[in-house]
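Take a look at the letters that make up each chain.
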Amino acid sequence: MTKRPLVRVTGILAAAAILGACGTGEGDTASLAPPTTVAVSVPPVTTTTTPIPEPEEAEPAPTLADYLAEQGIGRTPLAAGTETGPLVEFDLPDGWHIADPGLFPQSYSAAVGTRWENDEEPGPVPAAVLTVLRLDRVVDPDEALGLASGAVLNLPEFEIALDDPDSEVSGYPSYALSGEYADAEAGYIAIVERTVVMDDGAATYVIQLRITAQSRDAEAVTASVQEIDSSLTVTARA
């Protein structure tokens, strides 16, 4: 914050006080002689301002997608009903239904919830989108999960609420992350994302469950979100 206006005002008041003091004094008598001009030298006020550096933009968090691309590791999205890969399921809460497959391309399965209507500001319904990716090379689960949060952390204005890197789903290592981010069209969105990495010896599978709802609806869908997340199961095929 610059102090320049305050310094200038102080300098003017100081000069006025000096000039006033030179014109009065005890025992002075009126004189017809021309007034004496008193030169008062007031050194110019100089201020030194330190420029405020522009805040540096934070580096984006590394993502699992970036890592796979850099390592040349291919990935194939699986759909529900595929005869290979794990069987992945979650329970549907009351008021939720399976979404049209075309609504979420490349998803394994997806569900949408009741439209929590806001008469003045209607918005998107809550959604739970499950993806299952088969990697064409075996990947260390710990290394993959270490990058699992990157995509969510890079969302606009993301603020973290929960960070749980040490959970499990059906005995497989899992990483859960939740928070809120800003969407240009829908406003603030609450998000919960869980990533599970499964290695069956022949391939590595990355299972991701992402649940979203408008932030103003977060409290209304909390029970549904907990039911979906806690019921997620991953079963290796025989």
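The rules behind the values
Residues numbered from 1 in each chain as written. Predicted model: local features only at pLDDT ≥ 70, side-chain atom pairs only at ≥ 80, totals over all residues. Heavy atoms only, no water. Helix = DSSP H or I, 4+ residues; strand = E, 2+ residues; numbered from the N terminus. Buried < 20%, exposed > 50% of the residue type's maximum accessible area, 1.4 Å probe, protein only. Expected span 1.5 Å × (residues − 1). Bend = angle between axes of the 7 residues up to and from the residue. Contact = heavy atoms within 4.5 Å. Core = buried A, V, L, I, M, F, W, Y, C linked by side-chain atoms within 4.5 Å. pLDDT = per-residue confidence, 0-100. Polar contact = N/O pair within 3.5 Å; in protein donor to acceptor, adjacent residues only side chain to side chain. Salt bridge = Lys/Arg side-chain N within 4 Å of Asp/Glu carboxyl O. Pairing = 2+ DSSP bridges.

J.: Explain the environment of Asp 142 residue by residue, including any values.
T.: Looking at the secondary structure, you find Asp 142 in helix α3 (residues 141-145). Spatially, the C-alpha atoms of Asp 142 and Tyr 175 are 10.0 Å apart, while their sequence positions differ by 33 residues.

J.: Residue-level account of unusual backbone geometry, with values.
T.: Not every positive phi belongs to a glycine, and Gln 106 is a case in point at roughly 70 degrees. Inspection of the secondary structure puts Gln 106 in the loop between β3 (97-98) and β4 (109-112). Judged by its relative accessible area of 60%, Gln 106 is exposed. With a phi angle near 55 degrees, Ser 170 is a residue other than glycine that sits in the positive phi range. With respect to the helices and strands, Ser 170 occurs in the loop between β6 (159-169) and β7 (172-183). What makes Ser 170 partly exposed here is its relative accessible area of 42%.

J.: Provide a residue-level description of helix α5 (residues 218-230), including the pertinent values.
T.: Given a rise of 1.5 Å per residue, 13 residues ought to cover 18 Å, and the 17 Å separating the end C-alpha atoms of α5 matches this to within 8%. Of all the bends found along α5, the most pronounced is centred on Ser 224 and spans about 30 degrees. Of all the positions in α5, only Val 221, Ser 224, Val 225, Ile 228 and Asp 229 are classed as buried. Buried residues in α5 make contact with β5 (127-135), β8 (187-199) and β9 (204-214).

J.: Summarise the nonpolar core; cite the residues concerned and give the values.
T.: If you look at the biggest cluster of nonpolar residues, it comprises 24 residues, and the most contacted ones within it are Val 88, Phe 90, Leu 130, Ile 207, Leu 209, Leu 232 and Val 234. Taken together, the elements giving at least two residues each to this core come down to β5, β8, β9 and α5. Sorting elements by how many residues they give to this core places β9 first, with five residues. Not counting residues within four places of it along the chain, the set of residues in contact with Leu 209 comprises Phe 90, Ala 128, Val 129, Leu 130, Val 192, Glu 193, Arg 194, Ile 228, Asp 229 and Leu 232. Leu 135, Val 139, Ile 191 and Val 197 belong to the second largest nonpolar core, which has 20 residues in total.

J.: A description of the confidence of the model for the protein chain should follow, citing residues and the corresponding values.
T.: Mean pLDDT over the protein chain: 80, with 73% of residues reaching 70 or higher. Low pLDDT, under 50, characterises residues 1-42; the stretch is placed with nine contacts to residues that sit more than four places away or in other chains.

J.: Describe the side chain of Ser 167, listing the residues and the values that go with them.
T.: Checked against the element boundaries, Ser 167 lands in strand β6. A polar side-chain atom of Ser 167 sits 2.9 Å from a polar atom in the side chain of Arg 194.

J.: Quick rundown of the pattern of salt bridges? Include the residues and the values.
T.: Following the criterion strictly, the structure yields two salt bridges and no others. Between Arg 210 and Glu 193 there is a salt bridge, with the nearest N and O atoms lying 2.8 Å from each other. You can see Arg 210 sitting in strand β9 and its partner Glu 193 sitting in strand β8, a full 17 residues away along the chain. For Arg 194, the salt bridge is made with Asp 229, and the minimal N-O distance between the two is 2.6 Å. With Arg 194 in strand β8 and Asp 229 in helix α5, this pair connects stretches of sequence that are 35 residues apart. There is no split in this pair, since Arg 194 and Asp 229 are both buried.

J.: Any details on the pairing of β8? Residues and values, ideally.
T.: Looking along a regular strand, one sees the side chains alternate between the two faces of the sheet. The pairing of β7 with β8 spans 10 bridges and is antiparallel. Note on β8: the bridge partner recorded for Gly 179 is Ile 191. Following β7, the chain reverses through three residues before pairing antiparallel with β8. As paired elements, β8 and β9 share 11 bridges and run antiparallel to each other. Bridge pairing links Thr 195 to Gln 208 in β9.

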